[in-house]
Amino acid sequence: MFFEKIKGLIDAPFTPFHKDTHEVNYEKIPAYAEMLHKNGLSGVFINGSSGEGYMLTEEERIQLADAWKSAIKWDDFKLIVHVGSTCVKSSRRLAEHAQAIGAFGIGAMAPPFPKIGRVEELVQYCKEIAAGAPELPFYYYHIPAFNGAFLPMLEFIKQMEVEVPTFAGIKYTFESLYEYNQCMLYKDGKYDMLHGQDETILSSLVMGGAQGGIGGTTNYNGRCLVGIIEAWKKGDIAEARRLQNYAQDVINVIVKYRGNIVGGKRIMKLIGLDLGPNRTPFRNVTEQEEKQLLADLEAIDFFTHCNKL
């Protein structure tokens, strides 16, 4: 099967929660979708790591998929649903639901437990999930720092090619640009290699000719990251390099506040879209930390560059 290649940047959105109850706040989704589209993003990859997907119930994940599907009003804005879980039966149900509502595609990372140690095991896991949505492209979400699945992705692609007809590519969130490029080059770029590290997106464009990616800092710094791709397409390497370096300045701030999932989510409040707290066991940004986060962002002139509501 052949699927449309993704061009541009897909956002990995946070899951909005009510401040007091920590229940999902679905009412935030329409404004969230509008903001992402307005700032040049090409779609969303929901219920993943940025969305605290493993801290959501199965029903919450289904309702979030419904909410995002209802909120998307643009033909060129894609909905990809992360359906990975520690229970493959749940993952398959989520995949079936994603197909039923007309999502663009589905994806799954390796489960955090039990730890997968062989490519064959990972392929079987993905095969069972993908079978739940036989009409949708399936993307593997490679983020071994979260699940310990430090497996060779080129070999994984070769086995998926045989076993999973709906396999469309990989969201690659790992540091090996060499492996990333080798996967890009496989059979003249047969599979989508969606770059997943916002701090090195320019490198993926230069090395392998990547056309798309899925990011987390795109939630609040999407204009900058989209600008990198636009500058590259125009041949303006100096501007692309400047924007990439600025994106790293932003990342240098969020790593001081427990990374994108925690610090990044609090930035959304600072730009005007309060998505609430993180669920346990994440340690939320304190009021004092929020004041320092604001000062750190002002020091790099962030609010001139960030996404606009």
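Scroll up to find the structure.
Just so it is clear, the structure is predicted and the values come from calculations on it, not from any experiment.

Quick notes on the rules
- Residues numbered from 1 in each chain as written.
- Predicted model: local features only at pLDDT ≥ 70, side-chain atom pairs only at ≥ 80, totals over all residues.
- Heavy atoms only, no water.
- Core = buried A, V, L, I, M, F, W, Y, C linked by side-chain atoms within 4.5 Å.
- Buried < 20%, exposed > 50% of the residue type's maximum accessible area, 1.4 Å probe, protein only.
- Helix = DSSP H or I, 4+ residues; strand = E, 2+ residues; numbered from the N terminus.
- Contact = heavy atoms within 4.5 Å.
- Polar contact = N/O pair within 3.5 Å; in protein donor to acceptor, adjacent residues only side chain to side chain.
- Pairing = 2+ DSSP bridges.
- Right-handed = clockwise from strand over helix to strand, strands pointing away.

Student: Report on the nonpolar core, specifying residues and quantitative values.
Tutor: Counting 88 residues, the largest nonpolar core has Trp68, Leu122, Phe138, Tyr140 and Phe156 as the members making the most contacts within it. Judged by nonpolar contacts, the second largest core, of 13 residues, contains Ala12, Ile80, Tyr139 and Ile214.

Student: Mind laying out the environment of lysine 28, listing which residues take part and the relevant values?
Tutor: For lysine 28, the position within the fold is in the loop between strand 1 (8–11) and helix 1 (29–38). Judged by its relative accessible area of 27%, lysine 28 falls in the partly exposed class. A C-alpha to C-alpha distance of 20 Å links lysine 28 and glutamate 58, two positions 30 residues apart in sequence. Once residues lying within four places of it in the same chain are set aside, the contact partners of lysine 28 are Pro16, Asp274 and Leu275. A polar contact is formed between the side chain of lysine 28 and the backbone oxygen of aspartate 274, at a distance of 3.2 Å.

Student: Can you explain the pairing of strand 7 (residues 192–195)? Please cite residues and give values.
Tutor: The alternating pattern of strand 7 places Asp192 and Leu194 on one face and Met193 and His195 on the opposite face, and all of these are buried. Sheet topology places strand 6 (residues 167–172) next to strand 7; 4 bridges connect them, and they run parallel. Looking at strand 7, one finds that isoleucine 170 is bridged to methionine 193. Viewed along the sheet, the connection from strand 6 through helix 7 (residues 177–185) into strand 7 turns out right-handed.

Student: I'd love a proper account of helix 6 (residues 153–163), names of residues and values included.
Tutor: What helix 6 keeps buried is the set Met153, Phe156, Ile157, Gln159, Met160 and Glu161. The secondary structure elements touched by the buried residues of helix 6 are helix 4 (119–130), strand 5 (138–142), strand 6, helix 7 and strand 7.

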